[in-house]
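Given next are the chains, with one letter for each unit.
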Amino acid sequence: MDSKFYISLEAARLLKEKGYDEKVEYMYDDNILTSIDVLTNSQIDRYYRNMYGVEFYGAPTKAEVIDWLESKELVIEATSLINGNKWRFSLYKRGSFYIDSLIDDRLDFPTRLEAEEAAIIKALELL
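Thresholds, definitions, all that
The residue numbers shown here count from 1 along each chain, following its written sequence. Only residues with pLDDT of at least 70 are given local features in this predicted model, and only at 80 or more are side-chain atom pairs given and counted; all residues enter the totals for whole chains, interfaces and linings. The basis for every side-chain value is the complete set of non-hydrogen atoms in the structure, without hydrogens or water. Only buried residues count toward a nonpolar core. Its members are Ala, Val, Leu, Ile, Met, Phe, Trp, Tyr and Cys residues joined through side-chain atoms within 4.5 Å. Categorising residues by exposure relies on relative accessible area from a 1.4 Å probe, with only protein chains included: less than 20% of the type maximum marks a residue as buried, more than 50% marks it as exposed, and the intermediate range marks it as partly exposed. Whether two residues are in contact is decided by their heavy atoms: any pair within 4.5 Å suffices. Helix and strand definitions here come from DSSP, where helices need a minimum of 4 consecutive H or I residues and strands a minimum of 2 consecutive E residues; each element is numbered from the N-terminal end. Only strands joined by at least two bridges in the DSSP assignment are considered to pair. Note on aromatic contacts: the rings of Phe and Tyr and the six-membered ring of Trp form a pair at centre separations within 6.5 Å, being stacked when their planes are under 30 degrees apart, edge-to-face when over 60 apart, and tilted otherwise. As a reminder, the over-ring test applies to NZ of lysine and CZ of arginine, requiring each to be within 6 Å of the ring centre and within 35 degrees of the ring normal.

## Looking at the nonpolar core
Soluble globular proteins tend to pack their nonpolar side chains together in the buried interior. Residues Ile7, Leu15, Ile44, Leu69, Ile76, Ile120 and Leu124 are the most contacted members of the largest nonpolar core, which totals 35 residues. Apart from the residues within four sequence positions on either side, Leu69 is in contact with Leu74, Ile76, Ile120, Ala123, Leu124 and Leu127.

The structure is reproduced here in structure tokens:
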């Protein structure tokens, strides 16, 4: 498992708050990405939260979240800048322009995965 492909704890919290209840293979347990049987957030709550009295958050891959957001009409696009040294993201409402980070130079990221993570958090905040 390469944790760079999974969403951050911050994104996992937002995702759960926004109703994501797809099956995941990993969850955040005390801020640590932990392998589990394939469960949904609601099943994680039943099996773990009720047992231990603390919050657990399902941790899907960034690609799975991007697909889920698309089903909610939000489209994420990561773009490589000159020489691939920097990345930016654009966020669109299906069928029309919504938010484009290219207007803000402070939103440059060293990798595509970091740009996708930032886009996921921004999209979840907008849902």
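## Re unusual backbone geometry
Its identity is not glycine, yet Glu73 carries a phi of approximately 75 degrees, on the positive side. For Glu73, the position within the fold is in the loop between α3 (62-71) and β4 (74-80).

## Re the environment of Glu77
Secondary-structure assignment places Glu77 in strand β4. Under the relative-accessibility criterion, Glu77 is labelled partly exposed at 39%. C-alpha separation for the pair Glu77 and Leu127, spaced 50 residues apart in sequence, amounts to 17 Å. Among residues more than four places away in sequence, those in contact with Glu77 are Arg88, Phe89, Ser90 and Tyr92.

## Topic: the pairing of β4
As judged from the seven bridges shared by β4 and strand β5 (residues 87-93), these two strands associate in the antiparallel manner. Looking at β5, one finds that Leu74 is bridged to Lys93. Linking two consecutive strands that pair antiparallel, namely β4 and β5, is a turn of six residues; a positive phi of about 65 degrees is found at Asn83 within it.

## Side note on the packing of aromatic side chains
Evaluation of the coordinates by the stated rule reveals five aromatic pairs. Ring geometry for Tyr20 and Trp68: centres 5.3 Å apart, planes at 80 degrees, overall edge-to-face. In this pair, Tyr20 is assigned in the loop between α1 (9-17) and β1 (24-29) and Trp68 in helix α3, connecting sequence segments 48 residues apart. Assessed through its relative accessible area of 4%, Tyr20 is described here as buried. Site record: aromatic cluster; members linked through ring pairs are Tyr48, Tyr52 and Phe56. Its guanidinium or amino end placed over the ring of Tyr57, Lys16 lies 5.1 Å from that ring's centre, counting from NZ or CZ.

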